[in-house]
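Architecture and fold: a report
Listed below are the residues making up each chain.
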There are 6 protein chains.
Amino acid sequence: MYSVSVRDHIMIAHSFRGEVFGPAQRLHGATYVVDLELRRHELDDDGLVVDIGLASQTLGEVLSALNYRNLDDEPDFAGRNTTTEYLARVIFDRISTRIRAGQLGTAAAGIDALRVTLHESHVAAASYESELAD
Amino acid sequence: MYSVSVRDHIMIAHSFRGEVFGPAQRLHGATYVVDLELRRHELDDDGLVVDIGLASQTLGEVLSALNYRNLDDEPDFAGRNTTTEYLARVIFDRISTRIRAGQLGTAAAGIDALRVTLHESHVAAASYESELAD
Amino acid sequence: MYSVSVRDHIMIAHSFRGEVFGPAQRLHGATYVVDLELRRHELDDDGLVVDIGLASQTLGEVLSALNYRNLDDEPDFAGRNTTTEYLARVIFDRISTRIRAGQLGTAAAGIDALRVTLHESHVAAASYESELAD
Amino acid sequence: MYSVSVRDHIMIAHSFRGEVFGPAQRLHGATYVVDLELRRHELDDDGLVVDIGLASQTLGEVLSALNYRNLDDEPDFAGRNTTTEYLARVIFDRISTRIRAGQLGTAAAGIDALRVTLHESHVAAASYESELAD
Amino acid sequence: MYSVSVRDHIMIAHSFRGEVFGPAQRLHGATYVVDLELRRHELDDDGLVVDIGLASQTLGEVLSALNYRNLDDEPDFAGRNTTTEYLARVIFDRISTRIRAGQLGTAAAGIDALRVTLHESHVAAASYESELAD
Amino acid sequence: MYSVSVRDHIMIAHSFRGEVFGPAQRLHGATYVVDLELRRHELDDDGLVVDIGLASQTLGEVLSALNYRNLDDEPDFAGRNTTTEYLARVIFDRISTRIRAGQLGTAAAGIDALRVTLHESHVAAASYESELAD
């Protein structure tokens with residue numbers, strides 16, 4: 001299995017509901033350094049997993065919709081705790097949709113799986129990974 | 001698959017027996033920066049893989065029993081080479097026991113697998129990962 | 001010149017006022033990974049720049065007063081943009097006050113200078129450094 | 001599953017053919033920081049995944065044949081784009097050959113799989129991983 | 001003294017002349033991860049060392065003129081060894097010129113000093129720092 | 001001011017005397033990732049701060065005398081606490097002696113200052129820096 005990873009980041013505010021979250025129930029924020037890993041079994045005709053420029057651009061577009069925002073005010077997340085692991089899944093889903101829509105190029109149809117990792121500090125991270133449905 | 005990772009560290013002394021270890025047969029030591037990754041297929045009702053506070057606390061307790069010690073003097077390791085990969089397994093087993101005992105909370109019963117990684121320098125690391133037995 | 005550095009982090013929300021800040025005028029947030037560097041010309045009688053345990057504890061206390069908060073609501077910062085560089089100065093001042101009050105031990109009277117660095121992402125950081133006034 | 005990782009690096013020049021590569025069609029270069037991860041299900045009699053000294057030495061030998069070179073001039077890569085993901089595979093194959101030839105010691109016959117990761121910057125990486133054929 | 005740092009990178013080819021360079025006399029290449037640190041004694045009226053957006057954009061422009069190139073072919077470097085430390089100085093000079101030309105905004109006139117650091121691998125880096133001439 | 005930095009590491013055992021050290025009074029150990037920074041005002045005739053190969057080799061030799069050892073048994077450190085900051089000074093002195101003896105080449109006579117930093121974990125480091133006496 002081959003993979004390629006690209007990195008970008010967002011800076012957001014949010015709060016959590018539930019006693020398990022302790023002081024994180026207060027409005028606070030985070031920098032998430034986001035790694036998008038794209039995996040495939042065989043390289044394309046150019047010797048690539050994916051056009052890394054398109055992958056970076058697509059990750060940037062998906063993150064731009066979240067960046068510099070208070071996630072508590074975003075309709076997409078109403079009634080949800082925007083935990084790091086949940087956000088990893090959100091970003092995974094939005095990238096997957098763009099791959100299926102052809103935004104990473106026709107060769108990207110060969111991508112088999114993704115892993116999205118969010119580093120929230122020097123001591124904590126969360127991720128979501130899955131094969132891509134055909 | 002979702003995952004959450006937390007990081008902590010220990011500083012220990014030890015020595016190895018066997019020619020394969022060369023100068024590491026002498027009494028020396030290491031800082032191990034330890035990553036505990038917890039994995040599960042579905043998030044719990046709070047949108048979490050695990051209560052990250054309890055995960056950090058449990059990792060800290062497990063590491064505290066090893067920290068600032070000469071592992072050559074620990075009865076648990078008598079007759080064993082405490083290699084980085086072996087210690088990854090020891091920490092995996094001790095964390096697993098605590099999860100089964102409920103120390104990470106009842107929701108942590110949904111955790112499917114763990115990976116424990118020990119970074120021993122900027123150029124070397126070792127890990128042990130496995131699904132959790134029911 | 002000798003130095004010792006310790007690291008911790010905070011997760012805060014805030015917003016900025018002024019066109020120069022662009023989208024960061026919206027309520028958003030940040031993880032700041034904070035390095036406190038303490039400098040002195042000569043080591044103390046134990047061969048130390050500072051009791052590293054007390055230094056870590058003091059950094060933790062100073063950060064705790066900021067952690068998991070919306071800085072826009074903090075009276076101390078009323079009318080101020082809590083930029084990364086400004087927060088580096090705030091943390092510098094609060095650590096300095098504690099050193100003068102003896103919280104890092106009597107030997108810490110020999111500390112000559114501090115540098116506080118806040119890493120806000122994998123691509124940006126800010127710091128404040130100065131000699132300590134007698 | 002146990003693993004051990006070792007790290008080294010190379011500095012090479014190359015160019016790519018194909019419009020997808022944009023400005024990287026020009027002769028340019030890269031530092032690749034290379035992680036070799038070796039995996040096995042059970043430790044050997046010394047409590048090891050592999051003799052880490054031999055693993056580092058073997059990685060160094062394989063990289064030495066690529067280091068400080070213009071890959072466009074290497075006969076082994078004639079007619080190929082030496083993308084990061086392709087080079088991960090090349091290094092994987094060359095390490096695998098050496099394991100089978102016994103260069104990592106007889107105990108290394110128990111190694112089950114490898115992962116080779118090349119970090120080309122602070123924001124991009126590629127890898128190839130596979131089980132080892134018997 | 002306050003500082004702000006921003007990070008970007010370039011991927012270049014080059015060769016060196018002189019026996020001291022050993023195998024680096026061959027055409028090879030490097031990724032340079034570049035940190036630009038800007039320092040000033042007092043913050044501007046917005047609480048800033050510099051408009052970090054303009055600083056990142058300016059660093060990007062200066063690096064773009066070097067990126068994806070064979071430095072041996074650049075007239076600016078004719079007859080020079082483009083060592084890491086020399087390139088740090090080149091980037092310092094080009095940033096300084098842009099600050100004086102007002103590209104980082106009028107408030108940037110208050111910047112007192114710069115440090116440019118190029119990381120060429122996980123084990124080597126070089127830098128140039130100086131106060132800015134008025 | 002120009003600088004070049006090289007990195008290597010050691011793995012040692014030791015213990016400390018004095019209540020200030022708490023559990024670190026027990027025999028334990030550390031990995032120190034060591035950065036040697038060499039500074040000079042003007043580059044030499046090859047465009048270098050120093051022959052980076054000789055600098056790495058010299059750092060390796062100095063570290064080799066400490067590596068895989070119990071520092072409590074080393075005559076050079078009898079009656080001393082081998083704290084991280086003290087070891088930074090020891091390494092500084094040993095490198096300085098080698099520079100004066102010409103081991104880094106005749107051009108290295110132009111080196112003005114050194115900084116030695118020891119990273120003992122992902123959250124703590126210490127350093128010693130000074131100008132070189134003529």
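Scope of this entry: the structure provided in the associated data block.

About the criteria used
- Residues numbered from 1 in each chain as written.
- Chains lettered and ligands numbered in written order.
- Predicted model: local features only at pLDDT ≥ 70, side-chain atom pairs only at ≥ 80, totals over all residues.
- Heavy atoms only, no water.
- Helix = DSSP H or I, 4+ residues; strand = E, 2+ residues; numbered from the N terminus.
- Rg over C-alpha atoms; globule rule 2.2 N^0.38 Å.
- Buried < 20%, exposed > 50% of the residue type's maximum accessible area, 1.4 Å probe, protein only.
- Contact = heavy atoms within 4.5 Å.
- Lys, Arg positive; Asp, Glu negative; His and termini not counted.
- Charge placed at Lys NZ, Arg CZ, Asp CG, Glu CD.
- Least-squares fit on C-alpha atoms with pLDDT ≥ 70 in both.
- Salt bridge = Lys/Arg side-chain N within 4 Å of Asp/Glu carboxyl O.
- Axes fitted to C-alpha atoms, helices over the stretch in contact; angles between N-to-C directions.
- Parallel < 35°, antiparallel > 145°, perpendicular 65-115°, else oblique.
- Left-handed = near helix turned anticlockwise from the far one by under 90°.
- Nonpolar A, V, L, I, M, F, W, Y, C, P; charged D, E, K, R; others polar.

**Some remarks on the overall build of chain A**
Helices and strands together make up the secondary structure of chain A, namely two helices and four strands. When the helices and strands of chain A are listed from N to C terminus, the series reads β-β-α-α-β-β. Relative to the 2.2 N^0.38 estimate, which gives 14 Å for 134 residues, the radius of gyration of chain A is 16 Å and therefore close to what a compact globule would have. C-alpha extents for chain A along the principal axes are approximately 50 × 30 × 25 Å. Counting only residues that meet the buried cut, chain A has 58% of its 134 residues in that class. Pairs at least 24 apart in sequence give 67% of the contacts found in chain A among residues at least 6 apart. One finds the centroid of the 12 positive side-chain charges in chain A at a distance of 6 Å from the centroid of its 21 negative side-chain charges.

**Quick word on the relation of the copies chain C and chain A**
Relative to chain A, chain C is turned by 180° and slid 0.0 Å along the rotation axis, the superposed coordinates differing by an RMSD of 0.0 Å. Considering both components of the superposition, the chain copies are consistent with a two-fold axis. In this assembly, 100% of the residues forming the interface of chain C have copies in chain A that are likewise at the interface, indicating an isologous arrangement.

**Things to note about the side chain of Asp-44 of chain F**
Mapped onto the elements of the fold, Asp-44 of chain F is located in the loop between strand S2 (28-40) and helix H1 (52-64). Of the side chains bearing the opposite charge, Arg-40 of chain F lies closest to the buried Asp-44 of chain F, which forms no salt bridge; the N-O distance is 4.6 Å.

**Observations concerning the packing of helix H1 (residues 52-64) of chain A against helix H2 (residues 84-100) of chain A**
All names here are of chain A. Direction vectors running N to C along H1 and H2 enclose 130°, while the axes themselves pass 10 Å from each other. By the criterion of interaxial angle, the relationship of H1 to H2 is oblique. Of the two possible hands of crossing, H1 and H2 adopt the one that is right-handed. Contacts between H1 and H2 pair Thr-58, Leu-59, Glu-61, Val-62 and Leu-63 from the former with Ile-91, Arg-94, Ile-95 and Arg-98 from the latter. Partitioned by chemical class, the residues of the contact of H1 with H2 number five nonpolar, one polar and three charged.

**Considering unusual backbone geometry**
Positive phi, close to 55°, is recorded for Tyr-68 of chain A, a residue that is not glycine. Mapped onto the elements of the fold, Tyr-68 of chain A is located in the loop between H1 and H2.

**Overview of the arrangement of the chains**
In this view chain B stays clear of chain C, with the nearest C-alpha atoms of the two still 12 Å from each other. Nothing in chain A touches chain E, and the closest approach of their C-alpha atoms is 12 Å.

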